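Chain residues, written in single-letter form:
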Amino acid sequence: MTIRHHVSDALLLDYATGSLGEGWSIAVASHLALCPSCRKRLTLMESAGGALFSVTHAAPSDGPAIDDSWARMRARLLDKPDAGNLPSAPSPAMKSPVAPTLPEPLRSYVGGDVDTLQWRSLGRGAYHLPIATGDKSTSVRLLRIPAGGPVPEHGHRGRELTLVLAGSFHDETGVFARGDFEEADEDLEHQPVAMPGADCICLAVTDAPLRFRSWVVRLAQPFLGI
Amino acid sequence: MDYGGRVRLDCQNRSGMFGVIQLATAHVSAAMRVDFVQTAAASQVSIVTPGGLSRAGRLSRERVHMDEETEQDTRDAMTALLLSVGRTQDVTAFETLFRVFGPRIRSYMLRLTRDGGLAEELMQETMMTVWRKAGQFSAEKGSVATWIFTIARNLRIDSYRRSRRPEIDPNDPALVPDGDPQADSVMETRQSEESLRAAMTRLPTEQREILMLAFFDELPHSQIAVTLDLPLGTVKSRIRLAFGKLREALEETA
């Protein structure tokens, strides 16, 4: 699997610093599971954070004197002597014979892999599955779109992230297949076409008020009547 | 790696923007402990203003190489201390880490919370997690500072923002493993850490400013554009340029 479309530096930085909301982060983290090179880029960003962290200084007026802080910490350690040292990271789980289509953290969010999901029909072979998150500012959903259909040319108003999990589509910017990540904003005007052969399963994250602007959702719109 | 004697290290950033810390890292032998505690008590982190009266500002170019070595020594010492906490629940080693990182974590938390008491609580929680998870730290994966930074960041998301951070599961059967499993050695990690830090001091101020806002104020890049009154595209391109340079520096090391 060769991933051609990656998370941008700006978006990955938001994830690395912790400022990216939960909904968007599901798409970024699920891409990371499928993309070792972006995991490497994330590690670099976190190391940059660590480097900045270790050269910052603290003003003494920030809080109690460090001696007092340490006295509290020490009291907590002595209070709970067995609280120390969680075991090392668990040993790798057994590889199941067939790797799931949905990577973590997405799989846990939807509660299973693609074939066990309670897809909701949109008619004409299209399905969707809204995903509940604690982040009300975004709308997160899986979409399963039948192979072959074109989508009307369109632009975007908010940010829309699309992660391809199965099947593929292509537009003016290239072919998007499993693991490919599309970051659409106001600048992108395109006409995606789902490739023939297999249904295209995508994770789509959009700003909540613009929930039906994602191109994959637009594809479903004629079926939904929305 | 034992630090049997008292080691006094000056750690400073060549740019002169950041602080000088003096820390003592003798912790191994019980006989040294009294001496250590006295030294540690004096090892407050001091503030150095850019171009201020610090020794950092007066350092001559000839000392730069030596400073890189002492910075590296400091990082090695931190690694040894954390490994010791993980292996033997070494409270004395943990105290040194606490005195070095505690004030930094507090100041990191304060940037977002603007509440000294809450920042202190979050710092204590972070260091408690460091204590509990020290056995999971691996020196091949990166520096102590990076490891502690990610713990502090996650705590800031969970406890302060009360939000979840979706993350990969390293044991997920659907996870695509690294293509060329690099034999990550402690030595390689040390080298890339050094190259990274050197490259960061060479970043233009306009790029470093963005990184500071991103990591410390937890501003998403869209908000950074608003804060600095810059077009979004400019912020994106500065981020891209900054990490392009950092990646380049690491590739040269490899």
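This text gives an overview of the structure that appears in the document. (Residues numbered from 1 in each chain as written. Chains lettered and ligands numbered in written order. Predicted model: local features only at pLDDT ≥ 70, side-chain atom pairs only at ≥ 80, totals over all residues. Heavy atoms only, no water.)

Before going further, it helps to examine the interface of chain A and chain B. In this assembly, 76 residues from chain A lie in contact with 85 residues from chain B. Interface area, chain A with chain B, both sides summed: about 7300 Å², of which 61% is carbon and sulfur. At the junction of chain A with chain B, the criterion picks out 8 salt bridges. The residue A:Arg39 makes a salt bridge to B:Asp178 at a minimum N-O spacing of 2.9 Å. Inspection of the chain A/chain B interface yields 21 residue pairs in polar contact (both at pLDDT 80 or more). Counting residues per element, the ones that place at least two in the side of chain A that touches chain B are helix H1 (9–17), helix H2 (22–34), helix H3 (36–55), helix H4 (66–79) and helix H5 (106–110) of chain A. If you tally residues by element for the side of chain A that touches chain B, the top one is H3(A), at 16 residues. A breakdown of the residues in the side of chain A that touches chain B according to their chemical character gives 42 nonpolar, 17 polar and 17 charged. (Contact = heavy atoms within 4.5 Å. Buried area = accessible area lost by both parts, 1.4 Å probe. Salt bridge = Lys/Arg side-chain N within 4 Å of Asp/Glu carboxyl O. Polar contact = N/O pair within 3.5 Å; in protein donor to acceptor, adjacent residues only side chain to side chain. Helix = DSSP H or I, 4+ residues; strand = E, 2+ residues; numbered from the N terminus. Nonpolar A, V, L, I, M, F, W, Y, C, P; charged D, E, K, R; others polar.)

On to the environment of A:Tyr109. Locating A:Tyr109 in the fold gives a position in helix H5. For the pair A:Tyr109 and A:Ala132, spaced 23 residues apart in sequence, the C-alpha separation works out to 7.5 Å. Sequence-distant contacts of A:Tyr109, defined by excluding residues within four places in its chain, comprise A:Glu22, A:Ile26, A:Ile131, A:Ala132, A:Thr133, B:Arg164 and B:Pro166. Of note is the side chain of A:Tyr109, whose polar atom sits 2.5 Å from the side chain of A:Glu22.

If you want to describe how two helices pack, look at the angle between their axes and the distance between the axes. At a closest axis distance of 8 Å, the pairing of H1(A) and helix H10 (residues 232–253) of chain B adopts a crossing angle of 80 degrees. Here H1(A) is positioned roughly perpendicular relative to H10(B), judged by the angle of their axes. Residue-level inspection shows A:Asp9, A:Ala10 and A:Leu13 of H1(A) in contact with H10(B), the latter providing B:Lys236, B:Ile239, B:Arg240, B:Phe243 and B:Arg247. (Axes fitted to C-alpha atoms, helices over the stretch in contact; angles between N-to-C directions. Parallel < 35°, antiparallel > 145°, perpendicular 65-115°, else oblique.)

One finds A:Leu142, A:Leu203, B:Phe101 and B:Met127 to be the most contacted residues of the largest nonpolar core, which totals 98 residues. If one sorts the elements of this core by residue count, helix H4 (residues 91–113) of chain B sits on top with 9 residues. Each residue touching A:Leu142, except ones within four places of it in the same chain, is listed here: A:Leu102, A:Leu106, A:Val110, A:Leu117, A:Trp119, A:Tyr127, A:His128, A:Leu129, A:Ile131, A:Leu165, A:Cys202 and A:Leu203. (Core = buried A, V, L, I, M, F, W, Y, C linked by side-chain atoms within 4.5 Å. Buried < 20%, exposed > 50% of the residue type's maximum accessible area, 1.4 Å probe, protein only.)

Residue and element names in this part refer to chain B. Checked against the element boundaries, Ala 119 lands in helix H5 (residues 116–133). Since its relative accessible area comes to 0%, Ala 119 is described here as buried. As a C-alpha pair, Ala 119 and Arg 106 span 13 residues in sequence and 5.3 Å in three-dimensional space. The residues touching Ala 119, leaving out its near neighbours within four places in the chain, are Arg 106, Met 109, Leu 110 and Thr 113.

Such coordinate-based values are descriptive only and should not be taken to indicate function.
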